[in-house]
2 protein chains.
Amino acid sequence: MPKIVDHDKRRHEIALAACRAIAKKGLDAVTLADIAKESGYTTGMLAHYYSTKWDVILAALRLMHDRLEKRLSQRLNGQEIDLVDLLKDALPTNPEHRAESAAWLTFWGVAIGRPHLLKWSAKIHSDWRALVRYCVVETTPGARSWPPDLIEDVVSSIIFFMDGLYVKALTRASVYPPKDQVRLLRAHVDALMSWAAARVPEAPKGGIARGAPAPVAAPTQRPSGRRIKAAPTL
Amino acid sequence: MPKIVDHDKRRHEIALAACRAIAKKGLDAVTLADIAKESGYTTGMLAHYYSTKWDVILAALRLMHDRLEKRLSQRLNGQEIDLVDLLKDALPTNPEHRAESAAWLTFWGVAIGRPHLLKWSAKIHSDWRALVRYCVVETTPGARSWPPDLIEDVVSSIIFFMDGLYVKALTRASVYPPKDQVRLLRAHVDALMSWAAARVPEAPKGGIARGAPAPVAAPTQRPSGRRIKAAPTL
């Protein structure tokens, strides 16, 4: 009887091996042979699942993103409610997260000027925005009724700050140890939230009358199942 | 009579040609032949001045940094006093600045895990910190007497935010047009400065008595001549 192969499982296995190979060699230096070796399969076998080195790398980056999304979603559904405690899980504060951030940083540098990679990266960016937006709304009292533009600006600001923090934490590791990364992220979030709170339109004078309609909630993305859906426009 | 060659001028010419070649082909794709073609010299002639492709690239990146430093210093010494108006000159808001930011982003990705590139990059980072610190101190009333740690945190925050803005402005150009880059930077600086102001230790009650010594100024780096010296520790 022929052996039944779970192809999805094997694709996942190969992408996971690619993550490990990228962590060891760096995204720009890793070869298909490195990934094959790490997976325990031959490069010929890999070719059944992925056409090029870039296909495997994109699958590996997608997997890294999905794992981060899963970690954050699980903690958000658990006891954690502080935004910085949530987001710090995405900072390069341990070897595994450093390897992931390094892969992204190298990928961005390679993707500039390569439309197919930028298009793919835009999709992940949307997913990441949706996740950060959800974390902000779930952890910030009142944020559900903020104007949508204000929420988007807060999300952009957090994402810019964290991307910049990756750059420096990876290229100047000795100057930005984990505790300083977290401290600076907390200062940023504190400052940002004060700034945002000052921009929330005031409630009608005398408060909202009993029986009056509740303020319209900003259309925030909610996770459906495990995966958080991307916002359509950003 | 033999022709007298100004070698410094020629090195500069080649580095400038490298900047143009990087802008056209991207940092990861540019070759020594591209740089030679752009400069009008042969690759053999380039070899008299630079040993490897990376030597030329590092000289080009240094030149880009020096030009930015010069632009900002000149404007700081002129009529401009608003911090965001100064810093926006470093954002990828036009094709030339986009090419420069793209070169840096690609460089950071390549430099991770390559100690000699990281060491070189750390030097530029120190110079950039010193310049941002100087811009902050010169444009923010009272900042000269802020505690040094507070100034360093403000500088870190601005640099993180701008680096992250490069990443997104380059990989998601349609979503972050120049006017939104500037608007988001302004929001960040506004929020950050309010946060910082709330952390400045209060002056002694009743104000500073006449004849009392002035508060000790934080040791900020001042430009000496055109070049702004790097801070020793960051």
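Numbers given for residues are sequential positions, taken from 1 along each chain in its written order. Each chain gets a letter, beginning with A, and each ligand a number, beginning with 1, in the order they are written. This being a predicted model, a pLDDT of at least 70 is required before a residue's local features are given, and a value of 80 or more before pairs of side-chain atoms are given or counted; all residues contribute to the totals for chains, interfaces and linings. Heavy atoms from the whole structure form the basis of all side-chain values; hydrogens and water molecules are not counted.

Digging into the overall build of chain A
Threshold: Secondary structure elements follow DSSP: runs of H or I no shorter than four residues count as helices, runs of E no shorter than two count as strands, and numbering proceeds from the N terminus. Exposure is judged per residue with a 1.4 Å probe applied to protein chains only, and the accessible area is read against the type maximum: over 50% gives exposed, under 20% gives buried, and values in between give partly exposed. Whether two residues are in contact is decided by their heavy atoms, any of which lying within 4.5 Å being enough. Reported accessibility uses the Shrake-Rupley method at a 1.4 Å probe radius. Residues are deemed covered only where the shown protein chains occlude them.
Along chain A, the regular secondary structure elements total nine helices and zero strands. In chain A, the succession of α and β elements from N to C terminus is α-α-α-α-α-α-α-α-α. The buried share of chain A, reckoned over its 234 residues, is 52%. Sequence-distant contacts, at least 24 apart, represent 71% of the contacts inside chain A between residues at least 6 apart. Of the roughly 11300 Å² that chain A leaves accessible, carbon and sulfur atoms contribute 57%.

Comments concerning the packing of helix α9 (residues 178-197) of chain A against helix α8 (residues 148-171) of chain B
Just so we agree on the cut-off: A fitted line through C-alpha atoms serves as each axis, taken over the contacting stretch for helices, and the angle formed by two N-to-C directions is quoted from 0 to 180°. An angle below 35 degrees is read as roughly parallel, one above 145 as roughly antiparallel, one from 65 to 115 as roughly perpendicular, and any other as oblique. Polarity classes work like this: nonpolar for Ala, Val, Leu, Ile, Met, Phe, Trp, Tyr, Cys and Pro, charged for Asp, Glu, Lys and Arg, and polar for all others, with Gly in that last group.
Where α9(A) contacts α8(B), the axes come no closer than 11 Å and their chain directions differ by 80°. In terms of orientation, α9(A) and α8(B) fall into the roughly perpendicular class. On α8(B), the residues that touch A:R183, A:L184 and A:H188 of α9(A) are B:D153, B:S156, B:S157, B:F160 and B:F161. For the contact of α9(A) with α8(B), the per-class residue count stands at three nonpolar, three polar and two charged.

A word on the relation of the copies chain B and chain A
Applied cut-off: Here the copies are superposed with least squares, the fitted atoms being C-alpha atoms of residues at a pLDDT of at least 70 in both.
Once turned by 180° and shifted 0.0 Å along the axis, chain B lies on chain A with an RMSD of 0.0 Å. Here the transformation between the copies is reduced to the relation of a two-fold axis. Taken as a fraction of all interface residues of chain B, those also at the interface in chain A reach 100%, which identifies the copy contact as same-surface.

Considerations on the packing of aromatic side chains
We count it as follows: The aromatic pairing rule takes the rings of Phe, Tyr and Trp, using the six-membered ring of Trp, and pairs them if the centres are within 6.5 Å, calling planes under 30 degrees apart stacked, those over 60 edge-to-face and the rest tilted.
Here the structure, examined in full by the defined rule, presents 14 aromatic pairs over all chains. Taking 5.2 Å as the distance between ring centres and 65° as the angle between the ring planes, the aromatic pair formed by A:F160 and B:Y176 counts as edge-to-face. Remark: B:Y176 occurs in the loop between α8 and α9 (178-197) and A:F160 occurs in helix α8 (residues 148-171); the pair is interchain, linking two chains. Classification of A:F160 by relative accessible area gives buried; the value is 0%. A relative accessible area of 3% places B:Y176 in the buried class.

Structural notes on the interface of chain B and chain A
Under the convention used in this document: Put simply, buried area is the surface a 1.4 Å probe can reach on two separate parts but cannot reach once they are joined, added for both. Think of a salt bridge as a Lys or Arg side-chain nitrogen and an Asp or Glu carboxyl oxygen that are within 4 Å of each other. Whenever two N or O atoms come within 3.5 Å, that pair is a polar contact, provided that in protein one can donate a hydrogen and the other can accept it, and provided that, for residues adjacent in sequence, both atoms are side-chain atoms.
Every contact between the two is made by 40 residues of chain B and, on the other side, 40 residues of chain A. With both chains or domains summed, chain B and chain A bury close to 3600 Å², and 67% of this area falls on carbon and sulfur atoms. Connecting chain B to chain A are six salt bridges. Taken together, the links from chain B to chain A amount to twelve residue pairs in polar contact (both at pLDDT 80 or more). Of all the secondary-structure elements, those providing two or more residues to the side of chain B that touches chain A are α6 (95-111), α7 (115-139), α8 and α9 of chain B.

Description of helix α4 (residues 53-76) of chain B
Quick reminder of the rule: Here a helix's expected span is defined as the number of its residues, less one, multiplied by 1.5 Å.
With 24 residues, α4(B) extends 35 Å from end C-alpha to end C-alpha; this agrees with the ideal 34 Å at 1.5 Å per step. Among the 24 residues in α4(B), 17 count as buried, and that is most of the element.

A word on the packing of α4(B) against α6(B)
All names here are of chain B. Just so we agree on the cut-off: Left-handed describes a crossing whose near helix is turned anticlockwise from the far helix through less than a right angle; right-handed describes the clockwise counterpart.
Orientation of α4 relative to α6, taken along the N-to-C sense of each, is 130°, at an axis distance of 11 Å. Judged by the inter-axis angle, α4 sits oblique to α6. Crossing hand, α4 versus α6: left-handed. On α6, the residues that touch W54, L58, L61, M64, H65, R67 and R71 of α4 are E96, H97, E100, A103, W104, F107 and V110.

Some remarks on the pattern of salt bridges
Residue and element names in this part refer to chain A. Inspection of every chain in the model, using the stated rule, returns 40 salt bridges over all chains. When the shortest N-O distance is used, the salt bridge between D34 and K25 registers 3.5 Å. On the basis of relative accessibility, which here comes to 18%, the residue D34 falls in the buried class. Between K179 and D180 there is a salt bridge; the shortest N-O distance is 3.8 Å.

A few points about the confidence of the model for chain A
Worth spelling out the cut-off: Confidence of the predictor at the level of single residues is captured by pLDDT, which takes values from 0 to 100.
Per-residue pLDDT for chain A has a mean of 85; in total, 85% of the residues score no lower than 70. Here residues 206-234 of chain A is modelled with pLDDT under 50, and outside its nearest four sequence neighbours on either side it reaches 52 contacts, counting other chains as well.

Notes on helix α2 (residues 32-39) of chain A
Residues and elements named next belong to chain A. D34, I35, A36 and S39 are the residues of α2 that are buried. Taken together, the buried residues of α2 touch α1 (7-25), α3 (43-49) and α4 (53-76). Immediately beyond the C-terminal end of α2, within one or two residues, lies G40, with a positive phi of roughly 85°.

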